[in-house]
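So the chains spell out like this:
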2 protein chains.
Amino acid sequence: MVSPRKYHHGNLKEAFLEAAREVLEADGLTGLSLRKTAEKIGVSHTAPKNHFGSMSGLLTALVTQGYAELADYMVADETAGADRCARRGTALAGYVDFATANPALYELMFARDRLVNDDPDLMREVGACFSILADVAKDLGWHTGPAEVVTGKSQIALWSFVHGYAQLITAGRFKKDNMKNLSVLDILPAISAKIPPDTPE
Amino acid sequence: MVSPRKYHHGNLKEAFLEAAREVLEADGLTGLSLRKTAEKIGVSHTAPKNHFGSMSGLLTALVTQGYAELADYMVADETAGADRCARRGTALAGYVDFATANPALYELMFARDRLVNDDPDLMREVGACFSILADVAKDLGWHTGPAEVVTGKSQIALWSFVHGYAQLITAGRFKKDNMKNLSVLDILPAISAKIPPDTPE
DNA sequence: CGAATATATTTCCACTGTAAATATTCTGGT
DNA sequence: ACCAGAATATTTACAGTGGAAATATATTCG
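Residues numbered from 1 in each chain as written. Chains lettered and ligands numbered in written order. Predicted model: local features only at pLDDT ≥ 70, side-chain atom pairs only at ≥ 80, totals over all residues. Heavy atoms only, no water.

Caption draft 1: A look at the overall build of chain A. The helix and strand inventory of chain A stands at nine helices and zero strands. Ordering the α and β elements of chain A from the N terminus gives α-α-α-α-α-α-α-α-α. Seen along its three principal axes, the alpha-carbon backbone of chain A occupies a region of about 70 × 40 × 35 Å. Of all 201 residues assigned to chain A, the portion counted as buried reaches 49%. Relative to all contacts within chain A whose residues are 6 or more apart in sequence, the contacts with residues 24 or more apart total 65%. For chain A, the accessible area works out to roughly 9800 Å², and carbon and sulfur atoms hold 52% of it. Positive and negative side-chain charges of chain A, numbering 21 and 25 respectively, have mean locations separated by a distance of 5 Å. (Helix = DSSP H or I, 4+ residues; strand = E, 2+ residues; numbered from the N terminus. Buried < 20%, exposed > 50% of the residue type's maximum accessible area, 1.4 Å probe, protein only. Contact = heavy atoms within 4.5 Å. Areas by Shrake-Rupley, 256 points an atom, 1.4 Å probe, with all protein chains shown as cover. Lys, Arg positive; Asp, Glu negative; His and termini not counted. Charge placed at Lys NZ, Arg CZ, Asp CG, Glu CD.)

Caption draft 2: Focus on the domain arrangement of chain A. Residue and element names in this part refer to chain A. One can read the domain layout of chain A as domain 1 (1-53) and domain 2 (63-191). Each of domain 1 and domain 2 has a C-alpha centre, and these two points are 29 Å apart. Listed by partner, the interface residues are five residues for domain 1 and nine residues for domain 2. With both sides pooled, the region where domain 1 packs onto domain 2 buries about 700 Å², and carbon together with sulfur makes up 54% of that total. The largest per-residue losses of area from domain 1 upon contact with domain 2 belong to Arg21, Glu25 and Leu29, which jointly make up 76% of the total buried on that side. Where domain 1 touches domain 2, the interface holds one salt bridge. In this structure, the salt-bridge partner of Arg21 is Glu69, at a minimum N-O distance of 2.6 Å. Across the domain 1-domain 2 interface, the total number found is five residue pairs in polar contact (both at pLDDT 80 or more). (Domains from an automatic or database assignment. Buried area = accessible area lost by both parts, 1.4 Å probe. Salt bridge = Lys/Arg side-chain N within 4 Å of Asp/Glu carboxyl O. Polar contact = N/O pair within 3.5 Å; in protein donor to acceptor, adjacent residues only side chain to side chain.)

Caption draft 3: Helix H4 (residues 55-74) of chain B, seen in detail. All names here are of chain B. An ideal rise of 1.5 Å per residue puts 28 Å on 20 residues; H4 measures up with 29 Å between its terminal C-alpha atoms. Among all positions in H4, only Gly57, Leu58, Leu59, Thr60, Leu62, Val63, Thr64, Gly66, Tyr67, Leu70, Ala71 and Met74 are buried. Buried residues along H4 sit in contact with helix H1 (12-31), helix H2 (34-41), helix H3 (49-52), helix H5 (84-101), helix H6 (103-108) and helix H7 (120-136). (Expected span 1.5 Å × (residues − 1).)

Caption draft 4: Summary view of the packing of helix H4 (residues 55-74) of chain A against helix H5 (residues 84-101) of chain A. All names here are of chain A. One can describe the packing of H4 onto H5 by two numbers: an axis separation of 7 Å at closest approach and a directional angle of 140 degrees. In terms of their interaxial angle, H4 and H5 are classed as oblique. The two elements H4 and H5 meet at a crossing, and its hand is right-handed. Packed against H4, whose contacting residues are Gly66, Glu69, Leu70, Tyr73 and Met74, the element H5 presents Thr90, Ala91, Gly94, Tyr95, Asp97, Phe98 and Ala101 at the interface. (Axes fitted to C-alpha atoms, helices over the stretch in contact; angles between N-to-C directions. Parallel < 35°, antiparallel > 145°, perpendicular 65-115°, else oblique. Left-handed = near helix turned anticlockwise from the far one by under 90°.)

Caption draft 5: A look at the confidence of the model for chain A. All names here are of chain A. Mean pLDDT for chain A: 89, with 90% of residues reaching 70 or above. pLDDT under 50 marks residues 1-5. Its contacts with residues more than four places away, or in other chains, come to one contact. This stretch, residues 195-201, has a pLDDT under 50; its non-local contacts, to residues over four places away or in other chains, come to eight contacts. (pLDDT = per-residue confidence, 0-100.)

Caption draft 6: Layout of the relation of the copies chain B and chain A. Turning chain B through 180 degrees and shifting it by 0.0 Å along the axis lays it on chain A, with an RMSD of 0.0 Å. What the rotation and shift describe, once combined, is the action of a two-fold rotation axis. A shared binding surface is used by both copies, with 100% of the interface residues of chain B retained as interface residues in chain A. (Least-squares fit on C-alpha atoms with pLDDT ≥ 70 in both.)

Caption draft 7: Up close: empty space enclosed by the protein. According to the stated counting rule, one finds one cavity of 30 Å³ or more in the structure shown. Reported here for the largest cavity is a volume of approximately 140 Å³. Along the wall of the largest cavity there are 15 residues; nearest its centre are A:Leu29, A:Glu107, B:Leu29, B:Glu107 and B:Ala111. Along the lines of polarity and charge, the residues of the lining of the largest cavity split into seven nonpolar, two polar and six charged. (1 Å grid on protein atoms, 1.4 Å probe; cavity = no way out; pocket = protein on both sides within 12 Å on 5 of 7 lines; lining within 4 Å. Points joined across faces, edges and corners; volume = space filled by probe spheres on them. Nonpolar A, V, L, I, M, F, W, Y, C, P; charged D, E, K, R; others polar.)

Caption draft 8: Highlighting the interface of chain B and chain A. Between chain B and chain A, the contact holds 57 residues from the first and 57 residues from the second. Contact between chain B and chain A buries roughly 5100 Å² in total, counting both sides, with carbon and sulfur atoms accounting for 64%. Contact with chain A buries surface across chain B, with B:Arg112, B:Arg173 and B:Ile191 losing the most and accounting together for 15% of the total. Linking chain B with chain A are zero salt bridges. Linking chain B to chain A there are 14 residue pairs in polar contact (both at pLDDT 80 or more). Contributing elements (two or more residues each) for the side of chain B that touches chain A: H1, H5, H6, H7, helix H8 (147-170) and helix H9 (184-187) of chain B. The leading source of residues in the side of chain B that touches chain A is H8(B), at 14 residues. Residues belonging to the side of chain B that touches chain A are distributed by class as follows: 32 nonpolar, 14 polar and eleven charged.

Set out below in structure tokens:
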């Protein structure tokens, strides 16, 4: 068990994940296949069945890994002890950085059809990402009401905003001449609504 | 040319689009196939090639239709002449309604890999949707700067927010107990940032 | 050393999109 | 009315896909 190489290939699971991720970003989501990935590391196309069960299992493992990395992008060492506003800036900028660095994986992370959405590992990593956003969303929002309700709304609102921005960027839905030298941190204040929930002006 | 039925099938193009859409929402994006759709309306599986070219062409046509319908959802007759705040409420609520009513199609509308993204019809319909959002975003934002810059940012910000909300809802990324009796209009004010653009605290 | 387990392969199958050749139907000109 | 050409749809064939089942091989443990 101390030997790095075990069984036939060694630790096929990690190797397969790594290879699948390369294929994913190189050939896109439609170009990813078990057979192509298997050939890349010299195993048969049914080898991953022992480790992932099926294609859905492989994609779920990839996505779980993706959420874990996304969490890393959102917390930078420099701003670990800083105030919430600085941490929010780090989290949002890191979020978008991850998405633009891994666009195909990022798209897969929100697929409705291809993942095992009740996978406990996946749910845990999703929850970890949401917790980070929940923290930096705490002093947003001017809406009246019980504190926990306002906080809950702000979490939802902030994740909605940053996810939408990241996906629209990576999907190419924004015209590039609108985006010159603008980061997500420049965009966020622009949605601050003056529209009142009840009081006008 | 006055006869409703032409050629072998009639207007196969529209029939195929309709059938494909049914398969899409019934069996999901992974369950949609040319063969299944063709069998549904009793034609060979290569028949759509004349009308759509390839699978990408079919999906692009579906998505183009989707953007057109999304625009309809965003403009309600009742609020056509109302003030911008009312129109914004209609647009945002309609946007989310469309996404929740057509979740599989909505996901496809932002796919990076499967569409002919430079298709002129598609670009036109995407632009129409963006224009509607641009209109109702005009009085958002408190950031200083030239008016058109602020407006441009608000358009991007508002689309980011509402798209993110719609996708996270349809992808099941929000826990349901957080979402009780909340609509997108309740969430929007919660992101209004008190964070300063340049001055701390 | 041997049994049990974990890991990987081989083989086979149903299904997919696409290309090419063929057949059928419609259209427009004379 | 007729015929040529275009538009439309079918047939056939092919390479690729994921998955199931049986088999082979390596590891682990008693």
